[in-house]
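A look at the structure
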Amino acid sequence: MFRNTFQSGFLSILYSLGNKPLQIWHTETNSQHEESHVTRVMDDNIKSIVVEISSPDIKSTYITCPSQLNRTLGIKLPILVLIVKNLKKYFTFEVQVMDDKNIKRRFRASNFQSSTRVKPYICTMPLRMDEGWNQIQFNLADFTRRAFSTNYVETLRVQIHANCRLRRVYFADRVYAEDELPPEMKLWLPEEKKEEEQNQK
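Structure report, in brief. (Residues numbered from 1 in each chain as written. Predicted model: local features only at pLDDT ≥ 70, side-chain atom pairs only at ≥ 80, totals over all residues. Heavy atoms only, no water.)

What follows is about the packing of aromatic side chains. This structure, assessed with the given rule, holds nine aromatic pairs. Consider the rings of F10 and Y176, whose centres lie 4.6 Å apart with planes at 40 degrees: the pair is tilted. Of this pair, F10 sits in strand 1 (residues 10–15) while Y176 is found in the loop between strand 13 (164–172) and helix 2 (190–200), placing the two residues 166 residues apart along the sequence. A centroid spacing of 6.4 Å and a plane angle of 80 degrees characterise the contact between F107 and F138, whose relative ring orientation is edge-to-face. Of the two residues, F107 is situated in strand 8 (residues 104–110) and F138 in strand 11 (residues 132–139); the sequence distance between them amounts to 31 residues. The class of F107 is buried, set by a relative accessible area of 0%. (Phe/Tyr/Trp six-rings, centres within 6.5 Å; stacked < 30°, edge-to-face > 60°. Helix = DSSP H or I, 4+ residues; strand = E, 2+ residues; numbered from the N terminus. Buried < 20%, exposed > 50% of the residue type's maximum accessible area, 1.4 Å probe, protein only.)

Below is the structure:
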């Protein structure tokens, strides 16, 4: 999907304020649960429109990118960043990568798991989240090396399950300090915005 795109710096695959934030994503909801939904809502903390994925059944309610199951992302940037809100409910996401042995491997991070488990094709790990909004930085190159003793080549697919709110999902060529990030990649909280405006006066 992005394999022939020049990749450096940042590459965003979801931005909640865009016209069609889920344009390249497939949405799956559990029709047996009326509460299951993937929708845009206004978040009171950041006074911004965000994508909410919510369901009592996390397995069957998710978004996955690319939307076609026979396509892959082909993103070579090794750092995956999720700007995500902790809704104090079960939440999990999964990333499928290709390594230098031409093997597809998966990483699954969940906030309800307490230990890391590595099997030949999947590594499941606990995800610790602070209250409110979080910036999760996932170093795919480092994780691939540590879990499978192979080298990361590219990301094939990203799947994000209930329950969470998303502001942005993007890839980066390295880990950036907060003050190095372009404004649109930061999570602006109202207090920070006020401070920023005051500093500029």
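Take the side chain of S54 next. When you line up the elements, S54 lands in strand 4 (residues 48–54). Within polar-contact distance, the side chain of S54 engages the side chain of N163 at 3.5 Å. Among residues more than four places away in sequence, those in contact with S54 are E35, S36, H37, T61, K89, A162 and N163. (Polar contact = N/O pair within 3.5 Å; in protein donor to acceptor, adjacent residues only side chain to side chain. Contact = heavy atoms within 4.5 Å.)

Take the pairing of strand 8 next. Pairing of strand 7 (residues 92–99) with strand 8, which is carried by seven bridges, proceeds in the antiparallel orientation. Bridged to E94 within strand 8 is R108. Following strand 7, the chain reverses through four residues before pairing antiparallel with strand 8; N102 in that reversal takes a positive phi of roughly 65 degrees. Pairing analysis gives five bridges linking strand 8 to strand 10 (residues 122–126), with the strands arranged parallel. From the neighbouring strand, F107 faces strand 10, where its bridge partner is C123. (Pairing = 2+ DSSP bridges.)

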